[in-house]
Amino acid sequence: MSTIKWGILATGGIAATFTEDLKLLPGAEVTAVGSRSVESASAFAGRYGIPRAHGSWAGLAADPDVDIVYVATPHNAHYDAVRLCLEAGKPVLCEKAFTLNRAQAAELVDLARERGLFLMEAMWMRCNPAIRKLVELIGDGAIGPVTTVHADFGLSVAVEPGHRLRNPELGGGALLDLGVYPVSFAHMLLGGPGKVQSWARLTPEGVDENTGMLFGYPDGAVALLSCGIGTHSPVTASVSGPLGRIELPHLFFRPDTFTLYRTGGEPETFRVPYDGNGMNHEAAEAMRCLREGLLESPLVPWQATLEVMGIMDEVRAQAGVRFPGE
């Protein structure tokens, strides 16, 4: 597959960013876009020079010239959109949070396995070149065994009651939109925790507004994480061990630099720049997997997605957040 033809499902801001980054990627071609209205799909297609616009998700999923579909709907629609594409025989790259809960995610993974189709959560952080370098250094023992992970993601944004971030019908709240990054970061470095403790302030609509999480691991490691809407936090991360620590700057989930502090040594700053918005790396990984006939990416494996969704289920349960239909 010298050229891989993408279909874009949904036409919002994240779909636009992803489409812009695909244009930077050799061997990638955006062939079609699908939306619930032909007007929205046509406007998006015209903006980005996409040959075909479908006025339904089903039309996009059935398009014979689409090799893989990128799903960019709100969280609550991920399950239906991904299932539709898989049942139509299309591989899928689906935005994070992958689904509303682990049960939905497990159904989609089982369907992809049954149909022999590639499926990947679009957790672009795990594909970021600087993050991959950080993981490599830790694997090589640069700071010794990881003992502590800190990460936060809070945005001071004024959102009206009807906004998707406050709407439980759309999977609203800080956790699925922002907290998925700190949780995935900790999971990437420490795996699944043995103990989860969390606290949250809820909005009047019943979604989490400000959330703190403490994860404990069998070997004694801990992760201290937070997320919030209406919270102006640093959006930084650090990883510590007996031989040193690594600090990631603002917007830790999409870094082009980080600093290694070895115990007793001088700080070492690593710069790993990237093009565009950085979403092209997850697309490149999906394309690599398709070309190699893989059903899942080793950078964003199914088990990691399932475990992260399970952790967030537990955080929501402790906070008292339930989505309609659960």
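First things first, this report covers the structure right here in the doc. Keep in mind it's a predicted model, so treat the numbers as computed, not measured. (Residues numbered from 1 in each chain as written. Predicted model: local features only at pLDDT ≥ 70, side-chain atom pairs only at ≥ 80, totals over all residues. Heavy atoms only, no water.)

## Re the overall build of the protein chain
- On a plain count of helices and strands, the protein chain comes out with nine helices and 14 strands.
- Against the globule reference of 20 Å for 326 residues, the protein chain gives a C-alpha radius of gyration of 20 Å, in line with a compact fold.
- If one aligns the C-alpha atoms of the protein chain with their principal axes, the spans along those axes are about 60 × 45 × 35 Å.
- By the burial criterion, 54% of the 326 residues in the protein chain qualify as buried.
- Across the protein chain, the fraction of contacts at a sequence separation of at least 24, relative to all contacts at a separation of at least 6, is 66%.
- Here the protein chain displays about 13,000 Å² of accessible surface, and carbon together with sulfur accounts for 51% of that area.
- Distance between charge centres in the protein chain, computed from 26 positive and 37 negative side chains, equals 1 Å. (Helix = DSSP H or I, 4+ residues; strand = E, 2+ residues; numbered from the N terminus. Rg over C-alpha atoms; globule rule 2.2 N^0.38 Å. Buried < 20%, exposed > 50% of the residue type's maximum accessible area, 1.4 Å probe, protein only. Contact = heavy atoms within 4.5 Å. Areas by Shrake-Rupley, 256 points an atom, 1.4 Å probe, with all protein chains shown as cover. Lys, Arg positive; Asp, Glu negative; His and termini not counted. Charge placed at Lys NZ, Arg CZ, Asp CG, Glu CD.)

## As for unusual backbone geometry
- Going from Lys 96 to Ala 97, the amide bond is cis rather than trans, its omega being -20°.
- If you trace the backbone, Ala 97 turns up in the loop between strand 5 (92–95) and helix 5 (102–115).
- Not every positive phi belongs to a glycine, and Val 235 is a case in point at roughly 55°.
- The topology assignment puts Val 235 in the loop between strand 10 (222–229) and strand 11 (237–241).
- Of note in this structure, Leu 251 is not a glycine but carries a positive phi near 60°.
- Residue position: Leu 251 is located in the loop between strand 12 (244–248) and strand 13 (257–262).
- On the basis of relative accessibility, which here comes to 28%, the residue Leu 251 falls in the partly exposed class.

## A look at the nonpolar core
- Residues Trp 6, Leu 119, Phe 185, Phe 215 and Phe 252 are the most contacted members of the largest nonpolar core, which totals 116 residues.
- Looking at this core, the element that brings in the most residues is helix 7 (residues 174–190), giving twelve residues.
- The contact partners of Phe 185, leaving out residues within four places of it in the chain, are Met 125, Ile 131, Val 149, His 150, Ala 151, Ala 237, Ser 238, Val 239, Leu 248 and Phe 252. (Core = buried A, V, L, I, M, F, W, Y, C linked by side-chain atoms within 4.5 Å.)

## Regarding the packing of aromatic side chains
- For the coordinates displayed, the defined rule picks out ten aromatic pairs.
- A centroid spacing of 5.3 Å and a plane angle of 65° characterise the contact between Trp 6 and Phe 18, whose relative ring orientation is edge-to-face. Separated by twelve residues along the polypeptide, Trp 6 in strand 1 (residues 4–9) and Phe 18 in helix 1 (residues 13–22) bring together distant segments of the chain. For the pair Trp 6 and Phe 18, one class covers both residues: buried.
- Measuring from ring centre to ring centre gives 5.9 Å for Trp 124 and Phe 253, while their planes differ by 55°; the resulting arrangement is tilted. Of this pair, Trp 124 sits in the loop between strand 6 (119–122) and helix 6 (129–139) while Phe 253 sits in the loop between strand 12 and strand 13, placing them 129 residues apart in sequence.
- Residue Trp 124 is classed as buried on the basis of its relative accessible area of 11%. (Phe/Tyr/Trp six-rings, centres within 6.5 Å; stacked < 30°, edge-to-face > 60°.)

## Let's talk about the pairing of strand 6
- Direction of pairing for strand 5 relative to strand 6: parallel, over a ladder of four bridges. If you follow Val 92 over to strand 6, its bridge partner there is Leu 119.
- Read from strand 5 through helix 5 to strand 6, the crossover connection turns out right-handed. (Pairing = 2+ DSSP bridges. Right-handed = clockwise from strand over helix to strand, strands pointing away.)

## A closer look at helix 7
- Helix length check: helix 7 (17 residues) gives 22 Å between terminal C-alpha atoms against 24 Å at 1.5 Å per residue, within 8%.
- When the local axis directions of helix 7 are compared, the greatest deviation, roughly 50°, occurs at Val 180, which is followed within four positions by the proline Pro 182.
- Burial runs high along helix 7: 17 of the 17 residues are buried.
- Two residues or fewer after helix 7 comes Gly 191, characterised by a positive phi angle close to 80°. (Expected span 1.5 Å × (residues − 1). Bend = angle between axes of the 7 residues up to and from the residue.)

## What about the environment of Arg 322?
- Within the secondary structure, Arg 322 is located in the segment after helix 9 (302–319).
- What makes Arg 322 exposed here is its relative accessible area of 57%.
- Placed 43 residues apart in sequence, Arg 322 and Met 279 show a C-alpha to C-alpha distance of 30 Å.
- Within the local environment of Arg 322, its side chain forms a polar contact with the backbone oxygen of Glu 326, the two atoms lying 2.4 Å apart. (Polar contact = N/O pair within 3.5 Å; in protein donor to acceptor, adjacent residues only side chain to side chain.)

## Notes on the pattern of salt bridges
- Taken as a whole and assessed by the stated rule, the structure comprises 16 salt bridges.
- In this structure, Lys 133 engages Glu 136 in a salt bridge whose closest nitrogen and oxygen atoms are separated by 3.6 Å. You can see Lys 133 and its partner Glu 136 sitting in helix 6, three residues apart, about one turn around the helix.
- Relative accessible area serves as the criterion here: at 42%, Glu 136 is assigned to the partly exposed category.
- Among the ionic pairs, Glu 285 bridges to Arg 288, the shortest N-O distance being 2.9 Å. Of this pair, Glu 285 and Arg 288 both sit in helix 8 (residues 280–292), three residues apart, which is roughly one turn of that helix.
- Glu 285 sits in the buried class, given a relative accessible area of 5%.
- The class of Arg 288 is partly exposed, set by a relative accessible area of 29%. (Salt bridge = Lys/Arg side-chain N within 4 Å of Asp/Glu carboxyl O.)

## A short note on the sheet that holds strand 6
- Strand order in the open sheet made by the six strands is 3-2-1-4-5-6, with parallel pairing throughout. Edge strands, defined here as strands with exactly one partner in the open sheet, are strand 3 (52–54) and strand 6. Neighbour-to-neighbour, the strand axes of the sheet open up by a mean angle of 25°, direction not taken into account.
- Bridge analysis of strand 1 against strand 2 (residues 28–34) gives six bridges, and the strand direction is parallel. Each bridged residue has a counterpart across the sheet, and for Trp 6 the counterpart in strand 2 is Val 30.
- Along the sheet face, helix 4 (residues 75–87) touches strand 1, strand 4 (68–71), strand 5 and strand 6 and points at about 175° away from the line of strand 5. (Axes fitted to C-alpha atoms, helices over the stretch in contact; angles between N-to-C directions.)

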